[in-house]
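These are the residues of each chain, in order.
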Amino acid sequence: IMFTTQVYGDNGKMKEYHYTGPVEHRFSPYSFNGGTVLAVAGEDFAIVASDTRLSEGYSIHSRDSPKCYKLTNTTVIGCSGFHGDCLTLTKIIDARLKMYKHSNNKSMTSGAIAAMLSTILYGRRFFPYYVYNIIGGLDEEGKGAVYSFDPVGSYQRDTYKAGGSASAMLQPLLDNQIGYKNMEGVQHLPLNQEKAVQLVKDVFISAAERDVYTGDALRICIVTKEGIKEETVPLRKD
Amino acid sequence: MALFDVSGYKSHSELRGQILGTGVGHLIDRPNQQFSVPVGVDPSGFLKSCSREGGVSIDLNHGTTTLAFTFRHGVIVAVDSRASAGSYIASKEANKVIEINPYLLGTMSGSAADCQYWERLLGKECRLYKLRNKQRISVSAASKLLCNMMLGYRGMGLSMGSMIVGWDNKGPGLYYVDDNATRLSGRMFSTGCGSSYAYGVIDSGYREDMTVEEAYELGRRGITHATHRDAYSGGVVNLYHMQEDGWIKVCKEDVSELIHRYRKGMF
(Lines give C-alpha, C1' and ligand atoms only; values in the text may rest on other atoms or scores of the structure.)
Protein backbone atom coordinates (compact mmCIF):
# COMPACT_ATOMS: atom_id res chain seq x y z
CA ILE A 1 0.00 0.00 0.00
CA MET A 2 1.36 3.45 -0.85
CA PHE A 3 0.43 6.33 1.45
CA THR A 4 0.92 9.76 -0.02
CA THR A 5 0.55 13.06 1.80
CA GLN A 6 1.52 16.54 0.68
CA VAL A 7 3.36 18.69 3.17
CA TYR A 8 5.25 21.96 2.96
CA GLY A 9 8.93 21.20 3.34
CA ASP A 10 11.80 23.33 4.72
CA ASN A 11 12.23 25.60 1.74
CA GLY A 12 8.52 26.21 1.11
CA LYS A 13 8.18 23.67 -1.69
CA MET A 14 5.63 20.89 -1.50
CA LYS A 15 7.09 17.64 -0.31
CA GLU A 16 5.54 14.30 -1.07
CA TYR A 17 5.85 11.73 1.67
CA HIS A 18 5.57 8.15 0.59
CA TYR A 19 7.36 5.01 1.63
CA THR A 20 10.32 4.46 -0.66
CA GLY A 21 12.20 1.79 1.22
CA PRO A 22 15.02 2.01 3.79
CA VAL A 23 16.91 5.31 3.79
CA GLU A 24 20.39 5.82 5.18
CA HIS A 25 20.73 8.68 7.65
CA ARG A 26 24.21 9.81 8.44
CA PHE A 27 25.75 12.33 10.78
CA SER A 28 25.99 15.77 9.21
CA PRO A 29 28.66 18.06 10.59
CA TYR A 30 26.63 21.08 9.49
CA SER A 31 23.37 22.67 10.50
CA PHE A 32 21.65 25.79 9.26
CA ASN A 33 21.19 28.54 11.85
CA GLY A 34 19.61 31.19 9.64
CA GLY A 35 20.19 34.92 9.67
CA THR A 36 20.67 37.60 7.08
CA VAL A 37 23.60 39.98 6.63
CA LEU A 38 23.85 43.12 4.54
CA ALA A 39 26.67 45.54 3.71
CA VAL A 40 26.62 48.86 1.83
CA ALA A 41 29.61 51.01 0.85
CA GLY A 42 29.26 54.77 0.56
CA GLU A 43 31.65 57.52 -0.40
CA ASP A 44 33.25 57.80 3.05
CA PHE A 45 31.37 55.26 5.14
CA ALA A 46 30.34 51.61 5.17
CA ILE A 47 27.38 49.94 6.84
CA VAL A 48 27.22 46.31 7.95
CA ALA A 49 23.87 45.14 9.30
CA SER A 50 22.50 41.81 10.46
CA ASP A 51 19.45 40.45 12.18
CA THR A 52 19.88 38.85 15.61
CA ARG A 53 17.80 35.68 15.38
CA LEU A 54 19.52 32.30 15.87
CA SER A 55 17.32 29.43 14.74
CA GLU A 56 17.55 25.73 13.96
CA GLY A 57 14.83 23.79 12.21
CA TYR A 58 11.53 24.99 13.69
CA SER A 59 13.05 26.45 16.89
CA ILE A 60 14.58 29.77 17.82
CA HIS A 61 17.63 29.36 20.04
CA SER A 62 18.19 33.04 20.70
CA ARG A 63 16.73 36.42 19.82
CA ASP A 64 19.93 38.28 20.64
CA SER A 65 22.70 36.76 18.58
CA PRO A 66 24.02 39.39 16.19
CA LYS A 67 26.06 38.33 13.22
CA CYS A 68 28.32 41.38 12.81
CA TYR A 69 31.76 41.12 14.38
CA LYS A 70 34.15 44.04 14.73
CA LEU A 71 37.63 43.17 13.40
CA THR A 72 39.56 46.46 13.41
CA ASN A 73 38.67 50.14 13.77
CA THR A 74 37.89 50.29 10.09
CA THR A 75 36.46 46.83 9.34
CA VAL A 76 33.40 44.84 10.35
CA ILE A 77 32.53 41.34 9.14
CA GLY A 78 29.08 39.78 8.90
CA CYS A 79 28.87 35.97 8.98
CA SER A 80 25.73 33.89 8.51
CA GLY A 81 25.13 30.20 7.98
CA PHE A 82 26.27 27.62 10.51
CA HIS A 83 26.84 29.39 13.83
CA GLY A 84 29.55 26.99 14.99
CA ASP A 85 31.67 27.72 11.95
CA CYS A 86 30.95 31.49 12.26
CA LEU A 87 32.36 31.50 15.80
CA THR A 88 35.46 29.49 14.91
CA LEU A 89 36.13 31.50 11.78
CA THR A 90 35.93 34.84 13.61
CA LYS A 91 38.23 33.45 16.31
CA ILE A 92 40.76 32.48 13.66
CA ILE A 93 40.51 35.86 11.92
CA ASP A 94 41.05 37.67 15.24
CA ALA A 95 44.10 35.52 15.96
CA ARG A 96 45.59 36.20 12.50
CA LEU A 97 44.92 39.94 12.88
CA LYS A 98 46.79 39.96 16.17
CA MET A 99 49.73 38.06 14.67
CA TYR A 100 49.89 40.51 11.77
CA LYS A 101 49.79 43.46 14.18
CA HIS A 102 52.64 42.05 16.22
CA SER A 103 54.78 41.18 13.19
CA ASN A 104 54.15 44.30 11.13
CA ASN A 105 53.33 46.96 13.74
CA LYS A 106 50.18 48.07 11.93
CA SER A 107 46.55 46.99 11.56
CA MET A 108 45.44 45.05 8.53
CA THR A 109 43.62 47.04 5.87
CA SER A 110 40.17 45.93 4.67
CA GLY A 111 41.54 44.69 1.34
CA ALA A 112 44.24 42.68 3.06
CA ILE A 113 41.72 41.11 5.46
CA ALA A 114 39.58 40.13 2.47
CA ALA A 115 42.52 38.47 0.68
CA MET A 116 43.53 36.67 3.87
CA LEU A 117 39.99 35.43 4.52
CA SER A 118 39.92 34.02 0.99
CA THR A 119 42.95 31.83 1.69
CA ILE A 120 41.66 30.83 5.15
CA LEU A 121 38.38 29.69 3.58
CA TYR A 122 40.14 27.90 0.71
CA GLY A 123 42.29 26.00 3.21
CA ARG A 124 39.06 24.16 3.97
CA ARG A 125 38.15 23.58 0.33
CA PHE A 126 37.42 19.91 0.95
CA PHE A 127 35.54 20.40 4.23
CA PRO A 128 34.22 23.95 3.98
CA TYR A 129 33.26 26.44 6.63
CA TYR A 130 29.53 26.74 6.08
CA VAL A 131 29.59 30.52 6.41
CA TYR A 132 28.54 33.25 4.03
CA ASN A 133 30.80 36.21 4.77
CA ILE A 134 30.53 39.87 3.91
CA ILE A 135 33.22 42.34 4.96
CA GLY A 136 32.42 46.05 5.18
CA GLY A 137 34.91 48.78 5.95
CA LEU A 138 37.03 51.65 4.71
CA ASP A 139 39.85 51.14 2.23
CA GLU A 140 43.24 52.87 2.42
CA GLU A 141 41.85 56.01 0.77
CA GLY A 142 39.00 56.27 3.28
CA LYS A 143 36.33 55.21 0.79
CA GLY A 144 33.71 52.59 1.69
CA ALA A 145 34.46 49.02 0.60
CA VAL A 146 32.38 45.85 0.67
CA TYR A 147 33.83 42.39 -0.05
CA SER A 148 31.52 39.38 -0.45
CA PHE A 149 32.58 35.72 -0.23
CA ASP A 150 31.26 32.27 -0.99
CA PRO A 151 31.85 29.44 1.51
CA VAL A 152 35.15 28.36 -0.08
CA GLY A 153 36.79 31.74 -0.54
CA SER A 154 35.85 33.15 -3.93
CA TYR A 155 35.47 36.91 -3.40
CA GLN A 156 35.13 40.25 -5.04
CA ARG A 157 34.68 43.88 -4.12
CA ASP A 158 31.13 45.26 -4.40
CA THR A 159 29.22 48.43 -3.60
CA TYR A 160 26.45 46.55 -1.79
CA LYS A 161 25.66 42.91 -1.02
CA ALA A 162 23.14 40.86 0.89
CA GLY A 163 23.97 37.40 2.22
CA GLY A 164 22.28 34.71 4.28
CA SER A 165 18.76 33.30 4.28
CA ALA A 166 16.90 36.34 2.90
CA SER A 167 19.64 37.36 0.48
CA ALA A 168 17.65 36.43 -2.63
CA MET A 169 14.85 38.74 -1.45
CA LEU A 170 17.06 41.67 -0.50
CA GLN A 171 19.59 41.71 -3.32
CA PRO A 172 17.12 42.67 -6.10
CA LEU A 173 15.77 45.47 -3.90
CA LEU A 174 19.27 46.81 -3.32
CA ASP A 175 20.01 46.52 -7.07
CA ASN A 176 17.04 48.78 -7.67
CA GLN A 177 17.46 51.31 -4.85
CA ILE A 178 21.24 51.66 -4.70
CA GLY A 179 22.28 50.53 -8.17
CA TYR A 180 19.31 52.22 -9.89
CA LYS A 181 18.89 49.09 -12.01
CA ASN A 182 15.72 48.44 -13.99
CA MET A 183 14.57 52.01 -13.73
CA GLU A 184 14.43 54.58 -16.48
CA GLY A 185 14.69 58.34 -16.37
CA VAL A 186 15.79 58.45 -12.73
CA GLN A 187 18.56 60.68 -11.49
CA HIS A 188 21.49 58.70 -10.03
CA LEU A 189 22.03 60.44 -6.69
CA PRO A 190 25.05 59.42 -4.61
CA LEU A 191 24.14 57.59 -1.41
CA ASN A 192 24.49 59.61 1.80
CA GLN A 193 24.76 58.06 5.24
CA GLU A 194 21.28 58.92 6.58
CA LYS A 195 19.55 57.59 3.47
CA ALA A 196 21.63 54.43 3.53
CA VAL A 197 20.79 53.69 7.18
CA GLN A 198 17.08 54.26 6.56
CA LEU A 199 17.20 52.02 3.50
CA VAL A 200 18.88 49.24 5.48
CA LYS A 201 16.18 49.46 8.16
CA ASP A 202 13.39 49.36 5.58
CA VAL A 203 14.96 46.46 3.75
CA PHE A 204 15.31 44.33 6.90
CA ILE A 205 11.74 45.07 7.93
CA SER A 206 10.66 43.66 4.55
CA ALA A 207 12.89 40.62 4.98
CA ALA A 208 11.47 39.89 8.44
CA GLU A 209 7.96 39.92 6.97
CA ARG A 210 8.65 37.19 4.46
CA ASP A 211 11.59 35.08 5.72
CA VAL A 212 11.02 32.92 8.78
CA TYR A 213 14.70 32.85 9.69
CA THR A 214 15.03 36.65 9.81
CA GLY A 215 13.61 38.83 12.59
CA ASP A 216 13.72 39.77 16.31
CA ALA A 217 16.11 42.71 16.04
CA LEU A 218 18.45 44.45 13.64
CA ARG A 219 22.02 45.39 14.55
CA ILE A 220 23.57 48.11 12.36
CA CYS A 221 27.32 48.91 12.47
CA ILE A 222 28.27 52.18 10.75
CA VAL A 223 31.98 52.46 9.92
CA THR A 224 33.41 55.94 9.39
CA LYS A 225 36.82 57.45 9.90
CA GLU A 226 35.68 58.47 13.39
CA GLY A 227 35.15 54.84 14.32
CA ILE A 228 32.37 52.26 14.49
CA LYS A 229 28.91 53.21 15.73
CA GLU A 230 26.33 50.55 16.62
CA GLU A 231 22.56 50.87 16.52
CA THR A 232 19.85 48.31 17.40
CA VAL A 233 16.35 48.42 15.95
CA PRO A 234 13.55 45.98 16.86
CA LEU A 235 12.01 43.74 14.18
CA ARG A 236 9.07 41.34 14.09
CA LYS A 237 9.41 38.61 16.70
CA ASP A 238 7.06 36.09 15.11
CA MET B 1 48.19 25.49 20.38
CA ALA B 2 45.20 24.25 18.44
CA LEU B 3 44.09 27.66 17.18
CA PHE B 4 47.59 28.49 15.98
CA ASP B 5 47.85 25.25 14.03
CA VAL B 6 44.48 25.53 12.39
CA SER B 7 44.73 29.21 11.50
CA GLY B 8 47.04 28.52 8.56
CA TYR B 9 49.73 30.92 9.71
CA LYS B 10 53.29 30.11 8.74
CA SER B 11 55.72 30.91 11.55
CA HIS B 12 58.85 32.99 11.10
CA SER B 13 61.28 30.11 11.50
CA GLU B 14 59.57 28.12 8.76
CA LEU B 15 59.73 31.09 6.41
CA ARG B 16 63.43 31.60 7.17
CA GLY B 17 64.10 27.98 6.36
CA GLN B 18 62.51 28.41 3.00
CA ILE B 19 64.31 31.61 2.11
CA LEU B 20 67.75 30.31 3.13
CA GLY B 21 67.05 27.14 1.22
CA THR B 22 66.87 23.93 3.16
CA GLY B 23 66.57 21.51 0.27
CA VAL B 24 66.90 21.48 -3.50
CA GLY B 25 64.61 24.01 -5.17
CA HIS B 26 61.12 22.55 -5.54
CA LEU B 27 59.34 22.86 -8.84
CA ILE B 28 56.78 25.00 -7.06
CA ASP B 29 56.97 26.34 -3.53
CA ARG B 30 54.71 24.23 -1.43
CA PRO B 31 51.69 26.32 -0.49
CA ASN B 32 51.69 27.67 3.04
CA GLN B 33 48.78 25.57 4.08
CA GLN B 34 47.66 22.02 4.43
CA PHE B 35 44.13 21.34 3.22
CA SER B 36 41.75 19.89 5.82
CA VAL B 37 39.83 16.89 4.57
CA PRO B 38 36.72 15.36 6.15
CA VAL B 39 37.61 12.10 7.90
CA GLY B 40 36.62 8.84 6.31
CA VAL B 41 34.66 10.35 3.41
CA ASP B 42 35.39 10.85 -0.23
CA PRO B 43 35.98 14.64 -0.56
CA SER B 44 34.37 15.02 -3.96
CA GLY B 45 31.03 13.59 -2.81
CA PHE B 46 31.08 15.04 0.71
CA LEU B 47 29.45 18.39 0.00
CA LYS B 48 26.68 16.82 -2.06
CA SER B 49 25.87 14.38 0.74
CA CYS B 50 25.58 17.19 3.31
CA SER B 51 23.30 19.20 1.12
CA ARG B 52 20.28 17.02 1.74
CA GLU B 53 20.10 17.30 5.53
CA GLY B 54 18.03 19.84 7.48
CA GLY B 55 18.01 22.89 5.25
CA VAL B 56 21.77 22.89 4.75
CA SER B 57 22.62 23.91 1.22
CA ILE B 58 26.20 24.89 0.55
CA ASP B 59 26.19 26.39 -2.93
CA LEU B 60 29.47 27.43 -4.42
CA ASN B 61 29.87 30.06 -7.12
CA HIS B 62 29.92 28.44 -10.58
CA GLY B 63 29.19 28.66 -14.26
CA THR B 64 30.54 30.60 -17.24
CA THR B 65 31.34 31.02 -20.87
CA THR B 66 34.86 32.02 -21.83
CA LEU B 67 36.58 31.93 -25.19
CA ALA B 68 39.97 32.73 -26.71
CA PHE B 69 41.45 32.48 -30.18
CA THR B 70 44.71 33.44 -31.89
CA PHE B 71 44.84 35.25 -35.20
CA ARG B 72 47.34 37.25 -37.18
CA HIS B 73 47.46 40.19 -34.76
CA GLY B 74 47.60 38.33 -31.45
CA VAL B 75 45.08 36.61 -29.18
CA ILE B 76 41.55 37.68 -28.32
CA VAL B 77 40.11 36.72 -24.92
CA ALA B 78 36.40 37.22 -24.13
CA VAL B 79 34.54 36.19 -20.96
CA ASP B 80 31.10 36.70 -19.45
CA SER B 81 30.59 37.91 -15.86
CA ARG B 82 27.91 35.82 -14.17
CA ALA B 83 28.66 33.87 -10.97
CA SER B 84 25.80 31.56 -9.94
CA ALA B 85 25.42 29.71 -6.64
CA GLY B 86 22.85 27.00 -7.36
CA SER B 87 20.09 28.86 -9.13
CA TYR B 88 20.85 32.21 -7.46
CA ILE B 89 22.98 34.73 -9.33
CA ALA B 90 25.56 35.58 -6.71
CA SER B 91 27.26 38.19 -8.84
CA LYS B 92 26.50 39.92 -12.12
CA GLU B 93 29.92 41.48 -12.49
CA ALA B 94 32.38 38.81 -11.48
CA ASN B 95 35.88 39.19 -12.82
CA LYS B 96 36.85 36.04 -14.69
CA VAL B 97 40.16 37.13 -16.16
CA ILE B 98 43.18 37.25 -13.91
CA GLU B 99 45.94 39.60 -15.02
CA ILE B 100 48.97 37.58 -13.99
CA ASN B 101 51.48 40.05 -15.43
CA PRO B 102 51.46 42.51 -18.36
CA TYR B 103 52.19 39.60 -20.75
CA LEU B 104 50.06 36.81 -19.26
CA LEU B 105 46.33 36.40 -18.73
CA GLY B 106 44.37 33.53 -17.20
CA THR B 107 40.65 32.93 -17.63
CA MET B 108 38.42 31.25 -15.08
CA SER B 109 35.49 28.89 -15.52
CA GLY B 110 33.98 26.28 -13.23
CA SER B 111 34.27 26.85 -9.51
CA ALA B 112 35.09 30.49 -8.80
CA ALA B 113 37.05 29.80 -5.62
CA ASP B 114 39.21 27.10 -7.25
CA CYS B 115 40.06 29.35 -10.20
CA GLN B 116 40.79 32.41 -8.06
CA TYR B 117 42.99 30.50 -5.63
CA TRP B 118 45.06 28.44 -8.08
CA GLU B 119 45.51 31.24 -10.59
CA ARG B 120 46.63 33.61 -7.86
CA LEU B 121 49.09 30.94 -6.80
CA LEU B 122 50.21 30.67 -10.43
CA GLY B 123 50.74 34.44 -10.41
CA LYS B 124 53.00 34.06 -7.39
CA GLU B 125 55.01 31.28 -9.08
CA CYS B 126 55.42 33.36 -12.27
CA ARG B 127 56.74 36.24 -10.21
CA LEU B 128 59.18 33.98 -8.36
CA TYR B 129 60.34 32.53 -11.70
CA LYS B 130 61.08 36.01 -12.98
CA LEU B 131 63.02 36.91 -9.84
CA ARG B 132 65.04 33.70 -9.90
CA ASN B 133 65.75 33.48 -13.64
CA LYS B 134 65.80 37.18 -14.60
CA GLN B 135 63.50 36.55 -17.53
CA ARG B 136 59.75 36.29 -17.95
CA ILE B 137 58.22 32.86 -17.78
CA SER B 138 57.04 31.34 -21.08
CA VAL B 139 53.35 30.64 -21.64
CA SER B 140 54.16 26.96 -22.02
CA ALA B 141 55.90 26.82 -18.64
CA ALA B 142 53.21 28.82 -16.87
CA SER B 143 50.45 26.55 -18.16
CA LYS B 144 52.49 23.49 -17.16
CA LEU B 145 52.84 24.81 -13.60
CA LEU B 146 49.08 25.18 -13.34
CA CYS B 147 48.54 21.76 -14.89
CA ASN B 148 50.82 20.11 -12.32
CA MET B 149 49.03 21.86 -9.46
CA MET B 150 45.78 20.33 -10.75
CA LEU B 151 47.38 16.91 -11.08
CA GLY B 152 48.23 16.95 -7.39
CA TYR B 153 44.55 17.20 -6.47
CA ARG B 154 43.07 15.05 -9.21
CA GLY B 155 39.90 13.21 -8.20
CA MET B 156 39.21 15.43 -5.20
CA GLY B 157 36.42 17.42 -6.78
CA LEU B 158 38.15 20.57 -7.98
CA SER B 159 36.44 22.23 -10.91
CA MET B 160 38.47 24.55 -13.12
CA GLY B 161 38.64 25.15 -16.85
CA SER B 162 41.16 27.81 -17.67
CA MET B 163 42.98 29.27 -20.62
CA ILE B 164 46.48 30.68 -20.21
CA VAL B 165 47.11 33.35 -22.80
CA GLY B 166 50.36 35.20 -23.35
CA TRP B 167 53.01 36.48 -25.69
CA ASP B 168 56.57 35.20 -25.25
CA ASN B 169 59.68 34.59 -27.38
CA LYS B 170 57.84 31.99 -29.45
CA GLY B 171 55.04 34.41 -30.27
CA PRO B 172 51.41 34.40 -29.14
CA GLY B 173 50.53 31.44 -26.92
CA LEU B 174 47.19 29.90 -25.95
CA TYR B 175 46.89 26.87 -23.68
CA TYR B 176 43.82 25.19 -22.20
CA VAL B 177 44.26 23.69 -18.71
CA ASP B 178 41.56 21.95 -16.73
CA ASP B 179 40.98 20.25 -13.38
CA ASN B 180 41.83 16.81 -14.80
CA ALA B 181 45.28 18.24 -15.60
CA THR B 182 44.53 18.24 -19.34
CA ARG B 183 46.84 20.72 -21.03
CA LEU B 184 46.34 21.52 -24.71
CA SER B 185 47.95 24.06 -26.97
CA GLY B 186 45.72 25.37 -29.70
CA ARG B 187 44.42 28.24 -31.75
CA MET B 188 40.87 28.42 -30.45
CA PHE B 189 39.21 27.31 -27.23
CA SER B 190 35.98 27.92 -25.40
CA THR B 191 35.19 26.69 -21.88
CA GLY B 192 32.26 26.62 -19.49
CA CYS B 193 28.66 25.54 -19.76
CA GLY B 194 27.99 28.00 -22.59
CA SER B 195 31.00 26.88 -24.60
CA SER B 196 29.08 24.90 -27.22
CA TYR B 197 27.13 27.98 -28.23
CA ALA B 198 30.28 30.08 -28.38
CA TYR B 199 32.07 27.47 -30.53
CA GLY B 200 29.23 27.59 -33.04
CA VAL B 201 29.59 31.33 -33.45
CA ILE B 202 33.36 31.65 -33.52
CA ASP B 203 33.91 28.57 -35.70
CA SER B 204 31.64 29.99 -38.37
CA GLY B 205 33.10 33.49 -38.30
CA TYR B 206 36.80 32.75 -37.87
CA ARG B 207 39.42 33.66 -40.46
CA GLU B 208 43.13 33.73 -39.72
CA ASP B 209 43.58 37.08 -41.55
CA MET B 210 40.81 38.97 -39.77
CA THR B 211 41.34 42.62 -38.95
CA VAL B 212 41.57 43.60 -35.30
CA GLU B 213 38.06 45.10 -35.29
CA GLU B 214 36.57 41.99 -36.89
CA ALA B 215 38.25 39.85 -34.25
CA TYR B 216 36.86 42.00 -31.41
CA GLU B 217 33.40 41.71 -32.92
CA LEU B 218 33.70 37.92 -33.25
CA GLY B 219 34.72 37.56 -29.61
CA ARG B 220 31.83 39.76 -28.48
CA ARG B 221 29.33 37.85 -30.59
CA GLY B 222 30.52 34.50 -29.31
CA ILE B 223 29.95 35.43 -25.68
CA THR B 224 26.72 37.30 -26.36
CA HIS B 225 25.06 34.42 -28.15
CA ALA B 226 26.23 31.98 -25.52
CA THR B 227 24.76 34.11 -22.72
CA HIS B 228 21.53 34.36 -24.67
CA ARG B 229 21.05 30.59 -24.67
CA ASP B 230 22.87 29.43 -21.52
CA ALA B 231 21.13 30.15 -18.23
CA TYR B 232 24.35 30.15 -16.25
CA SER B 233 26.11 32.80 -18.34
CA GLY B 234 25.29 36.48 -18.52
CA GLY B 235 26.18 39.94 -17.26
CA VAL B 236 28.78 41.81 -19.28
CA VAL B 237 31.35 40.81 -21.90
CA ASN B 238 34.93 41.56 -20.83
CA LEU B 239 37.18 41.63 -23.90
CA TYR B 240 41.00 41.56 -23.84
CA HIS B 241 43.52 41.64 -26.69
CA MET B 242 46.98 40.11 -26.19
CA GLN B 243 49.49 41.94 -28.36
CA GLU B 244 53.25 41.72 -28.76
CA ASP B 245 53.89 44.42 -26.17
CA GLY B 246 51.34 43.17 -23.64
CA TRP B 247 47.59 42.86 -23.20
CA ILE B 248 45.02 45.63 -23.42
CA LYS B 249 41.48 45.62 -22.10
CA VAL B 250 39.29 46.44 -25.06
CA CYS B 251 35.80 46.84 -23.65
CA LYS B 252 33.17 45.85 -21.13
CA GLU B 253 29.65 45.77 -22.56
CA ASP B 254 26.32 44.60 -21.21
CA VAL B 255 25.04 41.53 -23.10
CA SER B 256 21.41 42.68 -23.15
CA GLU B 257 22.38 45.69 -25.19
CA LEU B 258 24.59 43.60 -27.48
CA ILE B 259 21.93 40.97 -28.13
CA HIS B 260 19.47 43.65 -29.16
CA ARG B 261 22.02 44.97 -31.65
CA TYR B 262 22.68 41.55 -33.14
CA ARG B 263 19.15 40.25 -33.32
CA LYS B 264 17.33 43.26 -34.66
CA GLY B 265 14.56 41.27 -36.23
CA MET B 266 13.92 39.11 -33.20
CA PHE B 267 12.57 41.50 -30.59
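For the structure itself, consult the block above.
Residues numbered from 1 in each chain as written. Chains lettered and ligands numbered in written order. Predicted model: local features only at pLDDT ≥ 70, side-chain atom pairs only at ≥ 80, totals over all residues. Heavy atoms only, no water.

This part covers the side chain of Asp-158 of chain A. Residue and element names in this part refer to chain A. Within the fold, Asp-158 resides in strand E11 (residues 155–158). No salt bridge forms around the buried Asp-158; measuring N to O, its nearest opposite-charge neighbour Lys-161 is 5.1 Å away. In terms of polar contacts, Asp-158 uses its side chain to reach the side chain of Ser-148, at 2.7 Å. At 3.0 Å, the side chain of Asp-158 forms a polar contact with the side chain of Gln-156. Once residues lying within four places of it in the same chain are set aside, the contact partners of Asp-158 are Val-146 and Ser-148. (Helix = DSSP H or I, 4+ residues; strand = E, 2+ residues; numbered from the N terminus. Buried < 20%, exposed > 50% of the residue type's maximum accessible area, 1.4 Å probe, protein only. Lys, Arg positive; Asp, Glu negative; His and termini not counted. Salt bridge = Lys/Arg side-chain N within 4 Å of Asp/Glu carboxyl O. Polar contact = N/O pair within 3.5 Å; in protein donor to acceptor, adjacent residues only side chain to side chain. Contact = heavy atoms within 4.5 Å.)

Moving on: the packing of aromatic side chains. For the structure shown, the criterion picks out 17 aromatic pairs over all chains. With 6.1 Å between their ring centres and 70° between their planes, Tyr-130 of chain A and Tyr-132 of chain A make a pair best called edge-to-face. With relative accessibility at 1%, the residue Tyr-130 of chain A sits in the buried group. The residue whose ring lies beneath Arg-124 of chain A is Phe-127 of chain A, and the NZ or CZ to ring-centre distance is 4.8 Å. Sitting above the plane of the Tyr-262 of chain B ring, Arg-221 of chain B keeps its charged end 4.1 Å from the centroid. (Phe/Tyr/Trp six-rings, centres within 6.5 Å; stacked < 30°, edge-to-face > 60°. Lys NZ or Arg CZ within 6 Å of the ring centre and 35° of its normal.)

Each side of the interface is counted separately: chain B has 46 residues, and chain A has 38 residues. For the pairing of chain B and chain A, the buried interface totals around 3500 Å² over both sides, and the portion due to carbon and sulfur atoms is 59%. The interface formed by chain B and chain A contains two salt bridges. Where Lys-92 of chain B meets Asp-175 of chain A, a salt bridge forms, and the shortest distance between an N and an O atom there is 3.8 Å. Counting every contact that joins chain B to chain A gives seven residue pairs in polar contact (both at pLDDT 80 or more). For the side of chain B that touches chain A, the secondary structure elements donating two or more residues are helix H1 (2–6), helix H3 (43–50), strand E5 (88–91) and helix H4 (112–133) of chain B. Top contributing element to the side of chain B that touches chain A by residue count: H4 of chain B, with seven residues. Among the residues making up the side of chain B that touches chain A, the classes are represented as 25 nonpolar, 15 polar and six charged. (Buried area = accessible area lost by both parts, 1.4 Å probe. Nonpolar A, V, L, I, M, F, W, Y, C, P; charged D, E, K, R; others polar.)

Turning our eyes to something else, we now look at the sheet that holds strand E2 (residues 65–71) of chain B. All names here are of chain B. The five strands lie next to each other as E11-E2-E3-E12-E13, forming an open sheet whose pairing is antiparallel. Two strands close off the open sheet at either side, each with one partner strand: strand E11 (188–192) and strand E13 (246–254). The mean angle between the axes of side-by-side strands here comes to 15°, regardless of whether they run parallel or antiparallel. With eight bridges joining them, strand E12 (residues 236–243) and E13 adopt antiparallel strand pairing. In the sheet register, Leu-239 faces E13, and the bridge partner there is Cys-251. Taken strand by strand, helix H7 (residues 212–229) contacts E2, strand E3 (74–79), E12 and E13, and its axis lies near 160° from that of E2. Contacts between helix H8 (residues 255–262) and the sheet are confined to E12 and E13, with E13 contributing the most and set at about 80° to the helix. (Pairing = 2+ DSSP bridges. Axes fitted to C-alpha atoms, helices over the stretch in contact; angles between N-to-C directions.)

Distances and angles like these do not, on their own, reveal function.
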